Amino acid sequence: MTSRSVAVVGGGILGLTAAYRLAKAGISVAVYERSTDLGGLVGSFDFDGRRVDRFYHVILPTDDRVRGLATELGLGDRFRFRPTGVGFYDDGRLFSMNSLREFLSFPLIPLHDRVRLGAFVARCQLKSTYDDLDQIPIERWLRRQCGRRMVESLWRPLLDSKFDGHFEDLPATYLWARTRRMSKTRDSSGREIMGWLEGGYETLIDALAARIKELGGEIHAGTAVDRVVAADGRAVGIVVDGAFHKFDYVVATLVPPQATRLLPDELLEQAPPDNCRYLGVVCLLLRLRRSVSPYYTLNITDRRVPLTTIVETTHVVDPEHAGGTLVYAAKYVEPLHEDLVRPAEEVEQDYLRHVRTIFPDLADDDILGTIVQRARIVEPVHPLGGARRLPEMFAISGLALASTVHVYPENVNGQAVIGVADRVAGGVLERLPEERRAAA
């Protein structure tokens, strides 16, 4: 090899951003993605002749990494931001919380508790560090901050639906980080401002892939990596379709349960422990003739409806692009949940029934199309003390293990994942000269 070379395993936004950063620095990069489509969880698919997001995503005005990367790629003028609504479904009714007046009159929470909730949000905004929250169970913290009644009526149902009933080991950092992120998006009236990159994240993914190729890199979609190859305790390349490809460095962007399957024993014994558990998601996507929800996001605190949320993305996404109104009825589940393997027809019937419980006027002729989308692993869950147990990206010579498990204390989103990509690319660039000498 006459130039330094890096293999990137995984063609999601993390892998492609890292590959782009490396290619800009003059590194010869090759990206390998098992799926025929790039993008991973932020990818798109053909839904009755229209390209739509596989799962729902949103970009906030404060997402400077996303907007900065898009601007580098010539897409900076293609963001569209709009005020959106947030609602709650409880006791068979819809409730809105989109202005100070609605907050002050919000019927699910007594007045005294609403004051405490406002103070809680303000404290989260003012608190810039999280070290003391990392080892505090989230429910204990919420009881102290918001009171028992609010925990029982609001927070416990929301946590139960998000974490599939298992949140006893969740640190307070989760809600602190989410509250800080979302509170920065509200305008003077209290409404949240959310955005969309025209064409969805697919636009960014396509631009990244094109720029990598322009810089001399390779993109291998529909190409699974069989294994990482080791020599003398370091990674020296990969095997694809039975053929060995030598690289100076390998970057695996898969989560640990997937990445470690590629490692030979001599590298596996060097891999850092995985302290996370994981959430999957099951989502019924509907294309409708008309809007059914006045909200972009509907939080479900009525646990008689076993969904996590209903998101009508066309409050932000252009309905003409989507070919109608897009509604995602999502349930976050643990990786062994039966809905991940049940026949899609059964899941569709059940989830559609839940949607109609909330929106009983949804008629058959309103529905233009439906499809069930599922993923066994979409988000790591860091248990108590997670900050001290984040896995080392560069524990193995010649190999970087970088994935969404390195998103902490932020919640997983495009903004945070691009931050991980920038970190791993910078770390590889620092190590490449040394690694190259070691391999010589």
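In case you missed it, the structure is sitting above this.
Scope of this entry: the structure provided in the associated data block. Positions within a chain are numbered from 1, following the residues in the order the chain's sequence is written. Local features in a predicted model are, by the rule used here, given only for residues with pLDDT of at least 70; side-chain atom pairs are given and counted only at 80 or more, and totals for whole chains, interfaces and linings are based on all residues. Derived side-chain values reflect all non-hydrogen atoms in the structure, with water molecules and hydrogen atoms excluded from consideration.

So, about the side chain of Thr-17. Here Thr-17 lies in helix α1 (residues 13-24). We call two residues in contact whenever any of their non-hydrogen atoms come within 4.5 Å of each other. Setting aside its immediate chain neighbours within four residues, Thr-17 contacts Leu-69, Leu-208, Ile-418, Ala-421 and Asp-422. Put simply, DSSP H or I for four residues or longer makes a helix, DSSP E for two residues or longer makes a strand, and each gets a number counted from the N terminus.

All right, on to the sheet that holds strand β19 (residues 399-401) then. Strand order in the open sheet made by the five strands is β9-β2-β1-β13-β19, with parallel pairing throughout. Only two strands of the sheet have a single neighbouring strand rather than two, namely β9 (218-221) and β19. Taken over all neighbouring pairs, the strand axes of this sheet differ in orientation by 15° on average, direction set aside. Strand direction decides the pairing type here: strand β1 (residues 5-9) and strand β13 (residues 249-252), joined by four bridges, are parallel. Across the sheet, residue Ala-7 finds its bridge partner in β13, namely Val-250. Lying on the sheet, α1 is in contact with β1, β2 (28-33) and β9; it crosses β2 at an angle near 170°. Following DSSP output, two strands are said to pair if at least two bridges run between them. To obtain each axis, a line is fitted to C-alpha atoms, and for helices this fit is confined to the stretch in contact; angles are then taken between N-to-C directions over 0 to 180 degrees.

Further remarks concern the layout of surface pockets. In this model, the second largest pocket occupies a volume close to 370 Å³. Of all the secondary structure elements, the ones that give two or more residues to the lining of the second largest pocket are α2 (64-72), α7 (173-183) and α13 (414-439). Among the elements that make up the lining of the second largest pocket, the one with the highest residue count is α7 (five residues). The nonpolar class holds Ala, Val, Leu, Ile, Met, Phe, Trp, Tyr, Cys and Pro. Asp, Glu, Lys and Arg form the charged class, and all remaining residues, Gly among them, are polar. Along the lines of polarity and charge, the residues of the lining of the second largest pocket split into five nonpolar, five polar and eight charged. The definitions used throughout rest on a 1 Å grid laid over the protein atoms alone, on which a cavity is an enclosed set of points accommodating a 1.4 Å probe that cannot get out and a pocket is an open set flanked by protein within 12 Å on both sides along at least five of seven lines; lining residues are those having an atom within 4 Å of a point. Grid points are joined across faces, edges and corners, and a volume is the space filled by probe spheres set on the points.

Note the cis peptide between Tyr-408 and Pro-409, where omega equals 10°. Position of Pro-409 relative to the elements: it lies in the loop between β19 and α13. A positive phi is found at Asp-164, a non-glycine position, where the angle reads about 55°. Tracing the backbone through its elements, the reader meets Asp-164 in the loop between α6 (148-162) and α7. Only protein chains enter the accessibility calculation, which uses a 1.4 Å probe; a residue whose area is less than 20% of its type maximum is buried, one above 50% is exposed, and one in between is partly exposed. Asp-164 gets classed as partly exposed once you look at its relative accessible area, which sits at 25%.

Attention now goes to the side chain of His-382. Within the secondary structure layout, His-382 lies in the loop between β18 (367-381) and β19. Polar contact criterion, stated in full: a pair of N or O atoms within 3.5 Å, where within protein one must be able to donate a hydrogen and the other to accept it, and residues adjacent in sequence count only if both atoms are side-chain atoms. Engagement of the side chain of His-382 in a polar contact is seen with the backbone oxygen of Val-407, the distance being 3.4 Å.

Below, the discussion takes up the pattern of salt bridges. Salt bridge, as used here, is a side-chain nitrogen of Lys or Arg placed within 4 Å of a carboxyl oxygen of Asp or Glu. Summed over the entire model, instances satisfying the criterion amount to 29 salt bridges. In this structure, Arg-304 and Asp-91 form a salt bridge, with 3.8 Å as the shortest nitrogen-oxygen distance. Of this pair, Arg-304 sits in the loop between β15 (297-300) and β16 (309-312) while Asp-91 sits in the loop between β6 (86-90) and β7 (93-96), and the two are 213 residues apart along the sequence. What you see here is one network of salt bridges that share partners, running through Asp-339, Arg-342, Glu-346, Asp-350 and Arg-353.

Moving on to the packing of aromatic side chains. Here a pair means two rings of Phe, Tyr or Trp (six-membered ring of Trp) with centres within 6.5 Å. Their orientation is stacked below 30 degrees between planes, edge-to-face above 60, and tilted elsewhere. Scanning the entire structure with this criterion turns up nine aromatic pairs. Ring centres of Phe-45 and Phe-47 lie 5.9 Å apart, and the angle between their planes is 25°; on these two criteria the pair is classed as stacked. One exposure class covers both Phe-45 and Phe-47, and it is buried. When the ring of Tyr-56 is compared with that of Tyr-328, the centres are 6.0 Å apart and the planes differ by 70°; the resulting orientation is edge-to-face. Linking Tyr-56 in the loop between β4 (50-53) and α2 with Tyr-328 in strand β17 (residues 325-333), this pair joins segments that are 272 residues apart in sequence. Of the residues examined, Tyr-328 reaches a relative accessible area of 1% and is grouped as buried. Here the aromatic residues Phe-120, Trp-141 and Trp-155 are joined through ring pairs into a cluster of three or more. Here, over-ring charges are defined by two tests on the NZ atom of lysine or the CZ atom of arginine: distance to the ring centre within 6 Å, and angle to the ring normal within 35 degrees. Between Arg-67 and the ring centre of Phe-79, over which it is positioned, the NZ or CZ distance is 5.7 Å.

This part is about helix α4 (residues 111-126). Given the number of residues in a helix, its expected span is that number minus one, multiplied by 1.5 Å. Relative to the 22 Å expected for 16 residues at 1.5 Å per residue, α4 spans 23 Å between its end C-alpha atoms, a close match to the ideal helical length. Every buried residue of α4 is accounted for by Asp-113, Arg-114, Leu-117, Phe-120 and Cys-124. Down the axis of α4, the buried set is contained in an arc of 115°. They therefore lie on one face. α4 presents Leu-111, Val-115 and Leu-126 as exposed residues on the side facing more than 90 degrees away from its buried surface. In this context, the arc is that of the directions from the helix axis out to the C-beta atoms.

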